[in-house]
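Structural characterization, general
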Protein chains: 2
Amino acid sequence: MAVVRRKNRVAPPPEKCPLTECLSIIGGAWTPNIIWYLSVQPRRFSELKNDLGSISPKVLTERLKRLEADGVVLREVKPTSPPTVEYSLTELGNELKPAIEAIVNVGHRLKALKQQ
Amino acid sequence: MAVVRRKNRVAPPPEKCPLTECLSIIGGAWTPNIIWYLSVQPRRFSELKNDLGSISPKVLTERLKRLEADGVVLREVKPTSPPTVEYSLTELGNELKPAIEAIVNVGHRLKALKQQ
DNA sequence: GAACTAAGTTACTAAATGGTAACTACATTT
DNA sequence: AAATGTAGTTACCATTTAGTAACTTAGTTC
């Protein structure tokens, strides 16, 4: 039985791939988790650190800076003493919610299917 | 103005985090793209390699093996000559589609917003 | 018989990533 | 006065990750 040469191409996920575009923002350890927490409510640095459990301050700082640079997260210094810093999702950041939610939902389904 | 000690905790994304669960499967370079292509139709090794453009065969093999081990992808050797190998999504793999689609959709929105 | 296709494998390298631990400065609480 | 909380920073290290390039086996087309 000779090999069949298939010539059909699948159109690629269109130019400058939206998949890659979105993943370049939510990629990296902890990032989706951070966005998840911020989607619930604005959080302070130390609160996020606590929420996430074993993240190091170094990585948390890195992630927040990148998210801020990407326009996804807003950083606000509050005039308390000592000053506190509150992070929240920007409008652009809110756009990410559906993706995070979909991933969470699939995660639930995967867990359910695994347990059977 | 004294610092406000906030005591409320945000409930963590529930035990053994579904977010992390799902990301452990779709994480890693090229993985979401591979799933995207397979969600359109079953694809052969060389077809995927072509679809993805600049992926190396080493990485493609790695990704496919892991996806197969995770029960997300089915690998079938076809009795052609030379033998060809067809990859497709399993039922479990199909569960991932909504997440990939959501990411793609958000990617579109991000691109649209950026261009303004 | 040479070149090509299919589906990879292997050895090596470079870069990115994440983690650890210690440190800062200032203010408040005990 | 000491400890704690706030929001980080810095230097260093280990691991992971991805990429390159060359190679394999076997059949098939030119």
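What comes next is a walk through the structure. (Residues numbered from 1 in each chain as written. Chains lettered and ligands numbered in written order. Predicted model: local features only at pLDDT ≥ 70, side-chain atom pairs only at ≥ 80, totals over all residues. Heavy atoms only, no water.)

Some details on the side chain of Thr80(A)
Residues and elements named next belong to chain A. Position of Thr80 relative to the elements: it lies in the loop between β2 (73–78) and β3 (84–89). Given a relative accessible area of 12%, Thr80 falls into the buried group. Of the polar contacts made by the side chain of Thr80, one reaches the backbone oxygen of Pro82; its length is 2.9 Å. (Helix = DSSP H or I, 4+ residues; strand = E, 2+ residues; numbered from the N terminus. Buried < 20%, exposed > 50% of the residue type's maximum accessible area, 1.4 Å probe, protein only. Polar contact = N/O pair within 3.5 Å; in protein donor to acceptor, adjacent residues only side chain to side chain.)

Notes on the protein's contact with DNA strand D
DNA strand D sits among 23 residues. The nearest are Arg75(A), Val85(A), Lys58(B), Arg63(B) and Ser81(B). By atom count, sugar and phosphate contribute 68% of the portion of DNA strand D lying within 4 Å of the protein. A distance of 2.9 Å separates a phosphate oxygen of DNA strand D from a polar atom in the side chain of Ser46(A). Contact distances for DNA strand D include 2.6 Å between a phosphate oxygen and a backbone N or O atom of Ala29(B). Looking at the surface near DNA strand D, the elements with two or more residues in it are α3 (45–52), α4 (57–69) and β3 of chain A together with α4 (57–69) of chain B. (Near = heavy atom within 4 Å.)

Overview of the packing of helix α2 (residues 31–40) of chain A against α4(A)
Residue and element names in this part refer to chain A. Between α2 and α4, the shortest axis-to-axis distance is 10 Å and the interhelical angle comes to 70 degrees. In this view, α2 runs roughly perpendicular relative to α4, as classed from their interaxial angle. Across the interface between the two elements, Thr31, Ile34 and Ile35 from α2 touch Leu60, Arg63, Leu64 and Leu67 from α4. Taken together, the residues that form the contact of α2 with α4 break down as five nonpolar, one polar and one charged. (Axes fitted to C-alpha atoms, helices over the stretch in contact; angles between N-to-C directions. Parallel < 35°, antiparallel > 145°, perpendicular 65-115°, else oblique. Contact = heavy atoms within 4.5 Å. Nonpolar A, V, L, I, M, F, W, Y, C, P; charged D, E, K, R; others polar.)

So, helix α3 (residues 45–52) of chain B
Residues and elements named next belong to chain B. Every buried residue of α3 is accounted for by Glu47, Leu48, Asp51 and Leu52. An end-on view of α3 places all buried positions within 125 degrees of arc, on one side of the element. Where α3 is buried, its residues meet α2 (31–40), β1 (43–44) and α4. Immediately downstream of α3, the backbone of Gly53 shows phi near 75 degrees, a positive value. (Arc of directions from axis to C-beta.)

Looking at the sheet that holds strand β1 (residues 43–44) of chain A
Residues and elements named next belong to chain A. Sheet architecture is open: three strands sit in the order β1-β3-β2, paired in antiparallel fashion. Two strands bound the open sheet, and with one partner strand each, they are β1 and β2. Note that β1 and β3 share two bridges and pair antiparallel. The residue of β3 that forms the bridge with Arg44 is Glu86. (Pairing = 2+ DSSP bridges.)

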